[in-house]
Amino acid sequence: MRKPLLFANWKLNGDRAALSSWLSYMQPHLSATDKTDVVLLPSYVLLSSVGQWADSLEGAQLNFSWGGQNVSDQNTGAYSGEVSATQLRDVGCTYTLVGHSERRHVYGEDNRAVSLRLKCALEGGLIPVLCVGETQQQRESGMTEEVLKEQLSTAIESTSKLSGTDLVLAYEPVWAIGSGVAATAEQAQNAHSYLRNIWAASNAGDADALRIVYGGSVNAANAGEFVACADVDGLLVGSASLDASEFASIYACFN
Ligand code: PGA
């Protein structure tokens, strides 16, 4: 059985005060059950505060971890503005996003750049969350599967053979991110099952263990439809994750 994953992607939002109230609100929910892994992806500058908060709980067992929203394709050196996998590990990160749509479309990271970052994440001991997804135009021209296949296969072509637990895939159609128009559960299920098949057919193994999460305008009202899909193993939530009570309602859909 694949354990569901629920990501809160804060993007360029939040500060220490917001983090502190969000964590206080979520804490009783997180300790209640072990059915779902919750992962907070705040701004880099907040990551060590998350670690300090977790340390202050003195061993309380929470289904909670944290990660970066991106990772450098370099390990160390003269690369101003970059944050390495080792540095993310140093502040307790387990995961990092790689190839988020905003990195691809706003900051010009192409499939090759994404593959280098993915490799550094894996080598640095992080679990990369590889984000893939088609634009509206690509969907309308019937290219969705071709785009997903290209994004996935290029990202993993220079890694050694991967197992299904080495990384997480996030299907995030570009047109659904931040638009208020989520994919339908059927569109998500079709894309997820396609991605699982591609994974099985590639050099990568253990497709049954691979967790594939959906992201794009998820909120408390629509989360349950995705959770019910056979190949949707969790959610990557952006704007609705900033509000702790809405995020807790999304979390409740898994339990
Ligand atoms: P959204 O963002 O939930 O605000 O659409 C999702 C994401 O980009 O991770």
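Draft legend 1. Summary view of the packing of helix 1 (residues 16-30) against helix 10 (residues 244-252). Between helix 1 and helix 10, the least distance of the axes is 9 Å, while the angle of their chain directions is 20°. In this view, helix 1 runs roughly parallel relative to helix 10, as classed from their interaxial angle. Like other packed secondary-structure pairs, helix 1 and helix 10 cross with a definite hand, here right-handed. Along its contact with helix 1, which presents W22, Y25, M26, H29 and L30, the element helix 10 presents A244, S245, F247, A248 and Y251.

Draft legend 2. Here's a closer look at the site of the ligand. As a matter of local geometry, the ligand sits amid 13 residues, with K11, H100, G178, S217 and G238 nearest to it. Between H100 and the ligand, the recorded distance is 2.7 Å, taken from a side-chain N or O atom to an oxygen atom. In the environment of the ligand, an oxygen atom lies 3.0 Å from a nitrogen or oxygen atom belonging to the side chain of E172. Expressed as a share of its isolated accessible area of 280 Å², the protein-covered part of the ligand is 98%. Partitioned by chemical class, the residues of the shell around the ligand number 4 nonpolar, 7 polar and 2 charged.

Draft legend 3. View of the pattern of salt bridges. Counted according to the given criterion, the structure contains 11 salt bridges. Between R2 and D233 there is a salt bridge, with the nearest N and O atoms lying 2.8 Å from each other. Placement of R2 in the segment before strand 1 (5-9) and of D233 in the loop between helix 9 (223-227) and strand 8 (234-237) is noted, with a sequence separation of 231 residues between them. Classification of D233 by relative accessible area gives buried; the value is 6%. In this structure, D37 engages K3 in a salt bridge whose closest nitrogen and oxygen atoms are separated by 3.0 Å. Here D37 is found in strand 2 (residues 37-41), whereas its partner K3 is found in the segment before strand 1, with 34 residues between them in sequence.

Rules behind the numbers
- Residues numbered from 1 in each chain as written.
- Predicted model: local features only at pLDDT ≥ 70, side-chain atom pairs only at ≥ 80, totals over all residues.
- Heavy atoms only, no water.
- Axes fitted to C-alpha atoms, helices over the stretch in contact; angles between N-to-C directions.
- Helix = DSSP H or I, 4+ residues; strand = E, 2+ residues; numbered from the N terminus.
- Parallel < 35°, antiparallel > 145°, perpendicular 65-115°, else oblique.
- Left-handed = near helix turned anticlockwise from the far one by under 90°.
- Contact = heavy atoms within 4.5 Å.
- Near = heavy atom within 4 Å.
- Polar contact = N/O pair within 3.5 Å; in protein donor to acceptor, adjacent residues only side chain to side chain.
- Areas by Shrake-Rupley, 256 points an atom, 1.4 Å probe, with all protein chains shown as cover.
- Nonpolar A, V, L, I, M, F, W, Y, C, P; charged D, E, K, R; others polar.
- Salt bridge = Lys/Arg side-chain N within 4 Å of Asp/Glu carboxyl O.
- Buried < 20%, exposed > 50% of the residue type's maximum accessible area, 1.4 Å probe, protein only.

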